[in-house]
Amino acid sequence: MVNEQHQFGSVMFTDVLLPVTCVILVALFALQHYGTHRVGFLFAPIVCMWLLSISSIGVYNIVRWNPQVYKALSPYYMYRFLQKTRTGGWLSLGGVLLCVTGSEAMYADLGHFSHSSIAIAFTMVVYPSLILAYMGQAAYISQHHSFESNNHIGFYVSVPGLAVITVMIVTTCFMSLVIVLCWNKNIVFALSFLLFFGAIEAVYFSATLVKFHEGAWVLITLSLIFLMVMCVWHYGSTKRYEFDVENKILVFLCVKSVSVPHVEPEERFLVGRIGLKQYRLYRVVVRYGYRDVQQDALEFEKDLISSIAEFIRSGDSDKNGHPEGADSPYEMLSIVSKGLPFQEEDAGLDASSESSVHKETELSSKSKRVRFVFPENAQVDTEVRAELHELTEAREAGMSFIMGRSHMKAKSGSNLIKRITINIIYEFLMRNSRGPAYAANVPHVSTIEVGMVCQV
């Protein structure tokens, strides 16, 4: 009769444990999108009741089965245990690791808590409860060495957490770097930390490797898959960053319609820098009269590049990137009367067969070779040549235009007539007028418009 009841209890344990666990996990992840603070508010009473329950059961087992189990807290008995059991004791460290795994899992996703609250909760509540629970289990096992079913100690016969101890080793290695690089401590202190905790974790790691063929290989396989995904992502991100760095020319273009019929080509482009010279940020103002005919996109791009190149060659900025005579890099724009001419040729042409009286610099790309043609006897230093090289490389990689579109709005407190005039009538006319991208004949695929609200 007793055996039948025992078998019935074992079946109930197996049949109920897995479904209940799945239901709890599904409910937990279903509530996750509400935020960790709401999930924590819901589960905090449950966790507190669970800690109180396991600590109470642990105290009962200690008193009932073996009150002397408290001696297990002493490292001396750990040494005696390993000395007596040798290989068997070393292999059992994998099961001991599960105790650490259970407590470590409680501290996932706690970034919204302060350091002091986590420390107080662990030292005053979590750690004592776990110690009492594990001591109670040890007291029970000390009086019950044989079991007909592993369900009684299923926690200890589970596959050890190889992933957890691997994370601990990696964390210890990174922590030693934090001690040196972030905390600016002595490297001897960091090495002592690494050797002390690393040696302990290495012993546990070696014990978990024995279970590799019993299921731990699944974790290793998943880790390698995720590692490959992360490496691919890192490789792609690095290549994208390198492309952005190599093609880092950025031009802010402003198209102005002035109240004159025509604007002379020599006065059309105003060019300046934004920030320091090494940033490679340019501000260009293009002025058109109300009767001027805009160029097509290709000619506009060429004139834009030529104007910026002439601005770079003329050296209107000092070595710090500030325009001469200006207090800040945003105050002055230079009128570029004539852009620096350049030629585009196929890369296969033989440049040695060409004759020219001008001084030239050659810049190569995959399909074209771009040449800026300098005036005769022009002195061009290495820094200017490097900036022109980056300018032409960026052009061949593709041009993007960031253009501003202003939206007018009457200030708070304006009278009714002004609000109607600005907010309704003028805004209606602005939305139905040609934008700066159309006025400059800039290709739409290369245009980014930035909106700005102007309160008048």
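Throughout this description, residue numbers start from 1 for each chain and increase along the sequence as written. Two thresholds apply to this predicted model, a pLDDT of at least 70 for residue-level local features and 80 or more for giving and counting side-chain atom pairs, whereas whole-chain, interface and lining totals are computed over all residues. As a rule here, side-chain values cover all heavy atoms of the structure and leave hydrogens and water aside.

Per an unreviewed UniProt entry, the protein chain goes by Potassium transporter and derives from Eleusine coracana subsp. coracana. One UniProt comment on the protein chain, placed under Subcellular location (unreviewed entry), says "Membrane". UniProt positions are given in the numbering used here, feature names are shortened, and annotations may be inferred rather than shown by experiment.

Caption draft 1: Looking closely at the pairing of strand β3 (residues 281-288). Should DSSP find at least two bridges between two strands, the strands are regarded as paired. Helix numbering and strand numbering both begin at the N terminus, where a helix is a DSSP run of H or I of at least 4 residues and a strand a DSSP run of E of at least 2. Sheet topology places strand β1 (residues 250-257) next to β3; 8 bridges connect them, and they run parallel. Its bridge partner lying in β3, Leu253 is registered against Val284. Both strand β2 (residues 269-273) and β3 contribute to a ladder of 5 bridges, which runs antiparallel. Counterpart to Arg273 in the pairing with β3 is Tyr282.

Caption draft 2: Expanded view of the nonpolar core. For the purposes of this section, nonpolar cores are sets of buried Ala, Val, Leu, Ile, Met, Phe, Trp, Tyr and Cys residues that join through side-chain atoms within 4.5 Å. When a residue's accessible area, from a 1.4 Å probe over protein chains only, is under 20% of the maximum for its type it is buried; when over 50% it is exposed; and in between it is partly exposed. Val284, Ile308, Phe372, Leu388 and Leu391 are the most contacted members of the largest nonpolar core, which has 27 residues in total. Those elements giving two or more residues to this core turn out to be β1, β2, β3, α10 (297-314), β7 (368-374) and α11 (382-397). Among the elements that take part in this core, α10 stands out by supplying 7 residues, more than any other. Ignoring anything within four residues of it in the chain, the contact list for Leu391 reads Ile249, Ile305, Ile308, Ala309, Ile312 and Phe372. Of all hydrophobic cores here, the second largest spans 6 residues; its members include Leu97, Ile165, Met168 and Ala216. Contacts: residue pairs with any heavy atoms within 4.5 Å of one another.

Caption draft 3: Focus on helix α7 (residues 162-181). By definition here, a helix of n residues has an expected span of 1.5 Å times n minus one. Taking 1.5 Å per residue, 20 residues should reach 28 Å; α7 reaches 29 Å between its end C-alpha atoms and fits that length. Along α7, the residues classified as buried are Leu162, Val164, Ile165, Met168, Thr172, Ser176 and Ile179.

Caption draft 4: Just the confidence of the model for the protein chain, in detail. Taken residue by residue, the protein chain gives an average pLDDT of 75. The fraction at 70 or more is 73%. Every residue gets a pLDDT, meaning the predictor's confidence in that residue, from 0 to 100. Long-range and interchain partners of residues 149-159, a stretch whose pLDDT sits below 50, account for 22 contacts in this model, where long-range means more than four residues apart. Every residue in residues 348-367 scores below 50 in pLDDT, and together they form 45 contacts with partners more than four places removed in sequence or on other chains.

Caption draft 5: Summary view of a nonpolar patch on the surface. Patches in this entry comprise residues that are over 30% relatively accessible and not in a salt bridge; like charges within 9 Å are linked, as are nonpolar side chains (Val, Leu, Ile, Met, Phe, Trp, Tyr) within 5 Å. Using the Shrake-Rupley algorithm and a 1.4 Å probe, accessible areas are obtained, with residue cover drawn only from the displayed protein chains. By definition here, a salt bridge exists when the distance from a side-chain nitrogen of Lys or Arg to a carboxyl oxygen of Asp or Glu is within 4 Å. Taken together, Phe212, Trp217, Val218, Leu219, Leu222, Ile225, Phe226 and Val229 make up a surface patch of nonpolar side chains, about 730 Å² in accessible area. Residue Val218 is classed as partly exposed on the basis of its relative accessible area of 34%.

Caption draft 6: The arrangement of the packing of aromatic side chains in detail. Here the aromatic set is Phe, Tyr and Trp, taking the six-membered ring for Trp, and pairing holds for ring centres within 6.5 Å; pairs whose planes are under 30 degrees apart are stacked, those over 60 apart are edge-to-face, and all others are tilted. With the rule as written, the count across this model stands at 5 aromatic pairs. Judged by centre distance (5.4 Å) and plane angle (80°), the rings of Tyr76 and Tyr77 are edge-to-face. With relative accessibility at 39%, the residue Tyr77 sits in the partly exposed group. Ring geometry for Phe193 and Phe197: centres 4.9 Å apart, planes at 45°, overall tilted. You can see Phe193 and its partner Phe197 sitting in helix α8 (residues 187-209), 4 residues apart, about one turn around the helix. Under the relative-accessibility criterion, Phe193 is labelled partly exposed at 22%. Given the relative accessible area of 37%, Phe197 is considered partly exposed.

Caption draft 7: How the structure looks around the pattern of salt bridges. Taken as a whole and assessed by the stated rule, the structure comprises 5 salt bridges. Put simply, Glu387 and Arg273 hold a salt bridge, and the shortest N to O gap is 2.9 Å. Taken together, the residues span a long stretch of sequence, with Glu387 in helix α11 and Arg273 in strand β2 at a distance of 114 residues. For the pair formed by Glu387 and Arg273, the shared burial category is buried.

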